[in-house]
Every structure is written in structure tokens, then in C-alpha cells.
Amino acid sequence: MVPTRTLTLVALAALLASPAWAEGGGVRPQDARPPGLVLLQERPGLGGKQAVGIYDVVADPSSPGLWRIKFWDEQPNDVKVRSETVRCSPAAPMRVTSNGAYFFLRELNPGGPITPANRIDHLVWWATCFPEQAGKDPAGLGPLARQLGYSGTLRESEQVLPGRPR
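Structure report, in brief. (Residues numbered from 1 in each chain as written. Predicted model: local features only at pLDDT ≥ 70, side-chain atom pairs only at ≥ 80, totals over all residues. Heavy atoms only, no water.)

**Thoughts on the packing of aromatic side chains**
- On inspection of all chains with the given rule, the structure shows 6 aromatic pairs.
- Both rings, one in Trp125 and one in Phe130, keep their centres 5.8 Å apart while their planes meet at 55°; by these two values the pair is tilted.
- Look at Trp125 and Tyr150: their rings are 5.1 Å apart centre to centre, the planes differ by 85°, and that puts the pair in the edge-to-face class. Here Tyr150 lies in the loop between α3 (142–147) and β7 (157–162) and Trp125 lies in helix α2 (residues 119–129), a separation of 25 residues in the sequence.
- According to the relative accessible area criterion, Tyr150 is buried, its value standing at 5%.
- Members of the aromatic cluster, connected to one another through ring pairs, are Trp125, Trp126, Phe130 and Tyr150.
- A cation over an aromatic ring shows up here: Arg95 above the ring of Phe71, its NZ or CZ 4.8 Å from the ring centre. (Phe/Tyr/Trp six-rings, centres within 6.5 Å; stacked < 30°, edge-to-face > 60°. Helix = DSSP H or I, 4+ residues; strand = E, 2+ residues; numbered from the N terminus. Buried < 20%, exposed > 50% of the residue type's maximum accessible area, 1.4 Å probe, protein only. Lys NZ or Arg CZ within 6 Å of the ring centre and 35° of its normal.)

Here is the structure:
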């Protein structure tokens, strides 16, 4: 009979081993992309492609202008999928995301300045609120944002809130 501790160590080693796809036996992250994924950004990264996108976009039935989405974060050897909330209102556009330990509530300014720090937030926001603009550079969408009723003068901010206790 194999001791329980040995079985635990074997199981842990299997989890920590290099992914099977790297040895030609499994699925690469890009091959696991879900149906309906809207790719927002794809670029070369260390070890392969990095990509982000959204899918499973569903309107919140009790709050007009509020959307629930799945955010796809693909690295060369890993994929993270997060459930997020996006609000499209001209008065208070926002994105709520998480890293597991914390929630990030980001108030956005469609039509305002785009920086490396807020680019993904705006890509997600535009793809959710105005799907026909998905994947377009948000820095070029300022005139459209103002035409749609967004002032372009809102103050962007981020609140960090504790996530689920572990």
C-alpha cells in the first residue's frame, strides 16, 4: 500500500510539471479559445503569443447598461478567465475586474486620454458597450465617444477592494 503522503506528493508533482502541450501531447492555449471570443489584442510575448479578449457578453436584466462578461487572458503557456462587469452609462462608465485576491473598480473616461495603464480597460469597455468598435484603437475613438454622449472629461480612477478570503 502506498502512503497517503506519497500520493499527495505525486499528485502535486503532476500539477507542477510542464504542460502537456509543450511536449506535443496537449492543447495549446490559443487552440482552446471559446466560441464567440472577440479577440481585442494579440501580440508576441516571451515564449509565444499573448492575447486578450471577451466572450459570453450578457446584459444584466435588472440594471440597464450593465453587462456581465468573461475576460480571456491568454499567455503562451496559460489561460486565465475572469468574470467581469462593465457599465456603459455616459455618467459613470466603469469596468470591475479581479485578480482573485482583489477586486478593481475602474471608473473610465471614454473619449479621454489612452495610456498603457488604461488601454486594456478601454478595449474591454468599447468591445462590451459598442461591439462594432471591438479591437479598434481606443485612442482614435474620442470623436465617436463624444458623439455618443460621453464627455471625454471624466476623471479616471481605480478602487481596490478585498476579494474572496482564501
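There is more to say, and it comes next.
**As for the sheet that holds strand β3 (residues 66–75)**
- With antiparallel pairing, 7 strands are arranged side by side in an open sheet as β1-β2-β3-β4-β5-β6-β7. Each edge of the open sheet carries a strand with a single partner, namely β1 (38–45) and β7. Along the sheet, successive strands turn relative to each other by an average axial angle of 20°, direction set aside.
- Pairing of strand β2 (residues 48–59) with β3, which is carried by 7 bridges, proceeds in the antiparallel orientation. Paired with Tyr55 across the two strands is Lys70, which belongs to β3.
- The strands that α2 touches are β1, β2, β3, β4 (78–87), β5 (94–98) and β6 (102–107); relative to β4, the one it contacts most, it runs at about 65°. (Pairing = 2+ DSSP bridges. Axes fitted to C-alpha atoms, helices over the stretch in contact; angles between N-to-C directions. Contact = heavy atoms within 4.5 Å.)

**Points about unusual backbone geometry**
- Located in the positive-phi region is Asp56, a residue other than glycine, with phi close to 55°.
- Under the relative-accessibility criterion, Asp56 is labelled partly exposed at 46%.

**A look at the environment of Pro64**
- Checked against the element boundaries, Pro64 lands in the loop between β2 and β3.
- Pro64 sits 24 residues away from Cys88 along the chain, and the two C-alpha atoms are 8.9 Å apart.

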